Amino acid sequence: MTLERVDVFVAGGGLAGLAAAAAFAEAGFSVLLADPAPAPSGDPAQDRRSTAFLGPSRDLLARIGLWDRLAPHAVPLDGLRIVDTAGWPPEIRETRDFRPQDLGEETFGWNLPNARARHEMVASLSRQPQVKLAWGTGFAGLLTRTSEARVTLTDGRRIAARLCIAADGRASPLREAAGITATTRRYGQKVFAFNATHPVPHDNVSTEVYNEGGAFTTVPLADLDGRPASAIVWMNYGRRAADLAAMDAADFDAEMTLRACNLLGPMERAGPMGQWPIVTRTADRLTAERTALVAEAAHVLPPIGAQGLNTSLHDIALLADLAREAPDRLGAADHLARYERARARDIALRARVIDLYNRLCQSGPAQPLRRAGLRLVHDMPGLRRAVMQAGMGGR
C-alpha cells in the first residue's frame, strides 16, 4: 500500500485534536487527523457536556481561525460565585463573588456545548486544504525512527509523519504505543454532566456550590425551550452517585434543587445524563521519539475551575508555536525536549493544586478550613487577583 506523507498526524477528533489540527495547519504544516468515531453531527445527544473557554483559549482559537464560527454559540461567563455549605439539606455558610473586572477583563470566558463546538470546528477544518480528516478510522500501530514516524490506521493506510500528536483521550492508544506510562490517583467520586432548566435567570454567572462529596457547578447556557438553562457538573461520592442515578426524574430534580440551595429555583434535568469516575491521571512523560502527548492523553484533572480543556489548549499552543519558530525541526528531539520542559512543570503544578483542592472540597470535616480559605482568597484584593490570574492560565 502507498505510504502517505504528512507533516503532522493527530490521533483523536475531540475538541483538543481538532484544535491541534487547526493550530498546525495555521502554522503552515500539513495535517492528517484520524478518529475511530463517525464525524460529529452537532447533535447534542453525542455529547451532553459543555466547555468554558477562558481568555487565553479564546485567543488561540481566534488566531487559528476557529473562534468566528464558535462565537455565535457562546454564552459569556461574566462572574463566578462560590457558595460553601454544610449539612443536608445544605445550609449556606459563606458566599463570595468573583468578577472579571478585577483583572481588567469584561468576562472570564465563554461556555459552549461540546457537540456544537465540535461541529463548527469540523466545518471550518473541512475547508482547510492542508487538513485531512479521517473519520471512522482509528490508530492501529506506530513505528518511529529519528527522521519520522510510521503510523498504521485501522483501514490499513500507512502514514509517514514528522510529528505524531496523541489527543486520543485518557486511555490513549497512541500513548501506549509510544511506551509512555501514566500515574492515576482515584477519589471514589463520580461526576454527572447534563443540562438543566430553571426559572431564575443565571445572569451569565457560573456558580460552584461546595458540600460533602465535591462541587455542584452551574455554567450558563443559552435558553432551552424559552427557559433559562445551565450546564450542570455534579460531583459525588460513588455510593451517593449510584443512589441519585437510580432515582426517578421527579426525585432527582428535587435532590438537584436542594443541592443547588434553590439559588436558581426549582430545577429540571433536560435530556440524558453522562457520568464518569473522577481521577487525576498524568503521563509520566509528555514525549517519545517523534511523538507528543496533549490534552487527556497527557493529563486528566478533576472537573474544577474549567482547567481541563484550557490546560489542553495551552499544550497545543506551545507545541505549535515551537514548531512555527523552527519549522525544519518539527518533531525532532530538540522540539520535543523544549515542549516537555515547558509543559511538564505547569501540568504537574496544576495537577497537585487541583488534587489538593478537590480533597479539601469533598470533605465534610474540612468545611471550616474551606470556608476560611474562601474568605482569605476573596477578601485580600492582591491574593484574589493572583488566584484568578492563575486560574485563567496566567493571561
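These numbers were taken from a predicted model, which means no experiment stands behind them. (Residues numbered from 1 in each chain as written. Predicted model: local features only at pLDDT ≥ 70, side-chain atom pairs only at ≥ 80, totals over all residues. Heavy atoms only, no water.)

(A) Here's a closer look at the overall build of the protein. If you tally the helices and strands in the protein, you get 11 helices and 19 strands. Expressed as a percentage of the 395 residues in the protein, the buried residues total 52%. For the protein, the accessible area works out to roughly 16300 Å², and carbon and sulfur atoms hold 53% of it. (Helix = DSSP H or I, 4+ residues; strand = E, 2+ residues; numbered from the N terminus. Buried < 20%, exposed > 50% of the residue type's maximum accessible area, 1.4 Å probe, protein only. Areas by Shrake-Rupley, 256 points an atom, 1.4 Å probe, with all protein chains shown as cover.)

(B) Just the nonpolar core, in detail. Judged by nonpolar contacts, the single largest core of 73 residues is most densely connected at F9, F24 and I165. Among the elements that make up this core, the one with the highest residue count is helix α1 (residues 15-26) (10 residues). Ignoring any residue separated from it by four or fewer positions in sequence, one finds F24 in contact with V8, F29, V31, L163, I165, L319, A320, A323 and L330. Among the nonpolar cores identified, the runner-up in size contains 20 residues, and F98, Y210, A229 and A351 belong to it. (Core = buried A, V, L, I, M, F, W, Y, C linked by side-chain atoms within 4.5 Å. Contact = heavy atoms within 4.5 Å.)

(C) Structural context of the side chain of R118. Within the secondary structure, R118 is located in helix α4 (residues 114-125). Once residues lying within four places of it in the same chain are set aside, the contact partners of R118 are G13, G14, L15, L18, P40 and W135.

(D) Fine view of the packing of α1 against helix α8 (residues 307-325). The interhelical angle for the contact between α1 and α8, taken along N-to-C directions, is 20 degrees, at an axis separation of 10 Å. If you check the angle between α1 and α8, you find them roughly parallel. Pair α1 / α8 crosses with right-handed handedness. Taking contact as the criterion, the partners of L15, A16, A19, A20, A23, F24 and E26 in α1 are, on α8, L309, S312, L313, I316, L319, A320, A323 and R324. Of the residues assigned to the contact of α1 with α8, the class counts are 12 nonpolar, one polar and two charged. (Axes fitted to C-alpha atoms, helices over the stretch in contact; angles between N-to-C directions. Parallel < 35°, antiparallel > 145°, perpendicular 65-115°, else oblique. Left-handed = near helix turned anticlockwise from the far one by under 90°. Nonpolar A, V, L, I, M, F, W, Y, C, P; charged D, E, K, R; others polar.)

(E) Just the sheet that holds strand β4 (residues 75-77), in detail. Taken in spatial order, the three strands of this open sheet run β3-β7-β4, and their pairing is antiparallel. Only two strands of the sheet have a single neighbouring strand rather than two, namely β3 (50-54) and β4. Each adjacent strand pair in this sheet contributes to an overall mean axis angle of 30 degrees, direction not counted. Bridge count for β4 against strand β7 (residues 109-113) is three bridges, and the pairing is antiparallel. Pairing of L77 across the sheet is with G109, part of β7. (Pairing = 2+ DSSP bridges.)

(F) Broad picture of the pattern of salt bridges. Applying the stated criterion across every chain yields a total of 25 salt bridges. Between E26 and R324 there is a salt bridge, with its nearest N and O atoms 2.7 Å apart. Placement of E26 in helix α1 and of R324 in helix α8 is noted, with a sequence separation of 298 residues between them. Using a relative accessible area of 33% as the deciding quantity, one classes R324 as partly exposed. (Salt bridge = Lys/Arg side-chain N within 4 Å of Asp/Glu carboxyl O.)

(G) Broad picture of the pairing of strand β11 (residues 158-166). Across the nine residues that make up β11, a large majority, seven, are buried. One ladder, built from eight bridges, connects strand β1 (residues 3-11) with β11; its direction is parallel. Residue pairing in the sheet places F9 in a bridge with C164 of β11. Relative to β11, strand β10 (residues 149-153) is paired through four bridges, and the arrangement is antiparallel. Residue R150 lies in a different strand from β11, and its bridge partner there is A160. A loop of four residues connects β10 with β11, the two strands running antiparallel in sequence, and G156 in this loop sits at a positive phi of about 95 degrees. For β11 and strand β18 (residues 291-293), the ladder comprises three bridges, and the chain directions are parallel. Paired with C164 across the two strands is T291, which belongs to β18.

(H) Quick look at unusual backbone geometry. In this structure, the amide linkage connecting W88 to the following residue, P89, adopts the cis form with an omega of -5 degrees. Tracing the backbone through its elements, the reader meets P89 in the loop between β5 (79-86) and β6 (91-98). You will see that N204, though not glycine, has its phi angle at about 60 degrees, which is positive. Looking at the element boundaries, N204 is found in the loop between β12 (182-197) and β13 (205-211). If you check the backbone angles, R290 has positive phi at about 60 degrees while not being a glycine. Assignment of secondary structure puts R290 in the loop between β17 (287-288) and β18.

(I) Looking closely at the sheet that holds β5. What the eight strands build is an open sheet, ordered β6-β5-β13-β14-β15-β12-β16-β19; its pairing is mixed. One side of each edge strand has no neighbouring strand; the edge strands of this open sheet are β6 and β19 (299-300). Bridge analysis of β12 against strand β16 (residues 268-283) gives 12 bridges, and the strand direction is antiparallel. If you follow K190 over to β16, its bridge partner there is P277. The strands touched by helix α6 (residues 238-245) are β12, β15 (227-237) and β16; relative to β15, the strand with the most contacts, the crossing angle is about 135 degrees. Seen against the sheet, helix α7 (residues 249-259) touches β12, β13, β14 (214-224), β15 and β16 and runs at an angle of roughly 60 degrees to β16.

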